[in-house]
Amino acid sequence: MVNSEKYKIPFDYYVLMVICGLFVIFAFAIAPPMEVIQGFIKINTSRSVLVTDYIAMAGLSATLLNSAASCAMFLLLLIKSKSQPTGKIIAALFLAIGFSMFGKNIVNSLPLWFGVWCYAKANRERVKNYLVPAITCTTIAPIVSEIAFAGGSLNIVRFLIAYAVGVFIGFIFPVIANAVKRMHVGYCLYNSGIAGGFIAVFAAGLFRSMGIPVIPERYWDTSYTTTLAIGAFSFSVAVIIFGLISEGPREALRKFWRITGEKDRDNNDYFLYYGSTCYINVGIMCIIATTTMLLLGISINGPVLGGIITIAGFAVAGKHLRNTIPVLIGSIVAANLNFFEVTSASNALSILFSTGLAPIACKYGFVWGIIVGFLHVSVAIYVGELNAGLNLYNNGFAGGFVAITIVPLIVFFNKLILRRDDKENRRNSEGD
């Protein structure tokens, strides 16, 4: 029997459409249309390797338009696939919004998600089952841009090669993502960043072996901190209010408190269990991240706002106050002890994205959360050299290294402590 029930676009997708619409309106309100379009074209034809702050390169208005366009493209994919929202899908859409401020655009993302589509078709599976990889595989979108635009001018042959490479990488991405998930067993939330990191290391190695240099970018804006901070706080207040009224303040706060007690690293899709109440967590995490940056004196620009939006997005799929704060503390301590300025791009992004290791703090406690946050910054500021800025989720790659190395050590030391305690208990019982 054919199911005649029509697909209804979920309300949460409408929320994201409104955000995209506001971005577009604001973009054309603060700059002339021609300037916005020219900046948008400049973004889509840039190399986009880390760190390319689109605000510094093409202006705030063009960056907002690019962010809205990228999110709209993936929303169209979700609606076309008749998908229902989950925490992981919403987090992936927030990633699309955030990273489209520094590295992602429609031109370099299209071939990658088309490659994932080809993978689903080749395996005779529904594309709906691969929507999250289709969105998050764009972590390595700079590989496409590097091939297509590194020469500084459009060359149709080079452009076609770039798209062919992008489709191939998208095709193999789900296989690698599944493999690396088994390595860190869920202790790093940025699984796509780890998978993208390995692919980017191979790509960077191939480029260099052929004598093709991959030169990092240093676009970093410092002029819109107040404007973007106001925007982040306004968004936070709006979603908190929405979360409170969705089920009534008392019930919403009760559910929010339950979210902050979640400890399962695998079954961490909060949206499936708590629904719209998750938006309270989204707003609070956004406030925490934005306030942390301001207190440290770090400018809020494209990359930093992207990190703030990422933390907010994963508030529906793995992050909350209790597992994020210890990691932030450890990362801030590390940033103050290394020889980089605390306000440098490396430290700013490492602090924000260290929260991908929140599941470790969940499982093993506050102290271990501080330790892994500290270690993450120490690793992240150097691991980017391996992939030459071709992996946008570089901190996810670094977080994978930390999780894979540290979690077995935590288990080992905990067993030693347990054995020592057992021996002392036996001695005490024998003495009695």
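For the structure, see preceding data.
What counts as what
- Residues numbered from 1 in each chain as written.
- Predicted model: local features only at pLDDT ≥ 70, side-chain atom pairs only at ≥ 80, totals over all residues.
- Heavy atoms only, no water.
- Helix = DSSP H or I, 4+ residues; strand = E, 2+ residues; numbered from the N terminus.
- Rg over C-alpha atoms; globule rule 2.2 N^0.38 Å.
- Buried < 20%, exposed > 50% of the residue type's maximum accessible area, 1.4 Å probe, protein only.
- Contact = heavy atoms within 4.5 Å.
- Areas by Shrake-Rupley, 256 points an atom, 1.4 Å probe, with all protein chains shown as cover.
- Lys, Arg positive; Asp, Glu negative; His and termini not counted.
- Charge placed at Lys NZ, Arg CZ, Asp CG, Glu CD.
- Phe/Tyr/Trp six-rings, centres within 6.5 Å; stacked < 30°, edge-to-face > 60°.
- Lys NZ or Arg CZ within 6 Å of the ring centre and 35° of its normal.
- Core = buried A, V, L, I, M, F, W, Y, C linked by side-chain atoms within 4.5 Å.
- Expected span 1.5 Å × (residues − 1).
- Axes fitted to C-alpha atoms, helices over the stretch in contact; angles between N-to-C directions.
- Left-handed = near helix turned anticlockwise from the far one by under 90°.
- Nonpolar A, V, L, I, M, F, W, Y, C, P; charged D, E, K, R; others polar.
- Salt bridge = Lys/Arg side-chain N within 4 Å of Asp/Glu carboxyl O.
- Polar contact = N/O pair within 3.5 Å; in protein donor to acceptor, adjacent residues only side chain to side chain.

Draft legend 1. Quick look at the overall build of the protein. On a plain count of helices and strands, the protein comes out with 20 helices and 0 strands. Over its C-alpha trace the protein gives a radius of gyration of 22 Å, about what one expects of a compact globule, namely 22 Å for 432 residues. Counting only C-alpha atoms, the protein reaches 85 × 55 × 55 Å along its principal axes. Here the protein, with 432 residues, has 54% of them falling under the buried criterion. Of all intrachain contacts in the protein linking residues separated by at least 6 positions in sequence, the fraction that spans at least 24 positions is 80%. Counting only carbon and sulfur atoms, one obtains 66% of the accessible surface of the protein, whose full area is about 18900 Å². One way to put it: in the protein the 32 positive side-chain charges average out to a point 7 Å from where the 21 negative ones average out.

Draft legend 2. Quick peek at the environment of Leu-392. Within the secondary structure, Leu-392 sits in the loop between α19 (366-387) and α20 (394-431). Sequence-wise, Leu-392 and Ala-315 are 77 residues apart; in three dimensions their C-alpha atoms are separated by 20 Å. Every residue in contact with Leu-392, bar those within four places of it in the chain, is listed here: Ser-48, Leu-50, Phe-99, Phe-102, Gly-103, Lys-104, Thr-138, Thr-139 and Pro-142.

Draft legend 3. Representation of the packing of aromatic side chains. Summed over the entire model, instances satisfying the criterion amount to 18 aromatic pairs. Residues Phe-198 and Phe-397 carry aromatic rings whose centres are separated by 5.3 Å and whose planes lie at 80 degrees to one another, so their mutual orientation is edge-to-face. Residue Phe-198 is located in helix α10 (residues 191-209), and its partner Phe-397 is located in helix α20; the two are separated by 199 residues in the primary sequence. With relative accessibility at 2%, the residue Phe-397 sits in the buried group. It is Arg-322 that lies over the ring of Trp-257; its NZ or CZ is 4.4 Å from the centre.

Draft legend 4. Structural detail: the nonpolar core. Ranked by size, the top nonpolar core spans 119 residues in total, and within it Leu-93, Ile-360 and Leu-390 carry the most contacts. At 10 residues, the largest contribution of residues to this core is made by helix α5 (residues 87-99).

Draft legend 5. Here's a closer look at helix α2 (residues 33-44). Along its 12 residues, α2 runs 17 Å from first to last C-alpha, staying within 8% of the 16 Å computed at 1.5 Å per residue. Check the buried side of α2 and you find it contacts α1 (11-30), α3 (54-58), α4 (60-80), α6 (106-122) and α8 (141-149).

Draft legend 6. Representation of the packing of α2 against α4 in the model. α4 packs onto α2 with a crossing angle of 65 degrees between their chain directions and a minimal axis gap of 8 Å. As α2 packs across α4, the resulting crossing turns out to be right-handed. Contacts between α2 and α4 involve Val-36, Ile-37, Gly-39, Phe-40, Ile-43 and Asn-44 on the former and, on the latter, Ser-61, Ala-62, Thr-63, Leu-65, Asn-66 and Ala-69. Classifying every residue of the contact of α2 with α4 gives 7 nonpolar, 5 polar and no charged.

Draft legend 7. Representation of the pattern of salt bridges. Counted under the stated rule, the structure contains 4 salt bridges. Ionic pairing is found between Arg-254 and Glu-251, a salt bridge with its closest N-O pair at 2.5 Å. Of this pair, Arg-254 and Glu-251 both sit in helix α12 (residues 249-259), 3 residues apart, roughly one helical turn. The partly exposed category is assigned to Glu-251, whose relative accessible area is 28%. Salt bridges sharing partners connect three or more residues here, namely Arg-47, Glu-146 and Glu-217.

Draft legend 8. Examining the side chain of Glu-262 more closely. Within the secondary structure, Glu-262 is located in the loop between α12 and α13 (270-274). We note that Glu-262 is buried and unpaired, the nearest opposite charge coming from Arg-258 at a distance of 5.9 Å. Looking at Glu-262, its side chain comes within polar contact range of the side chain of Tyr-274, at 2.4 Å.

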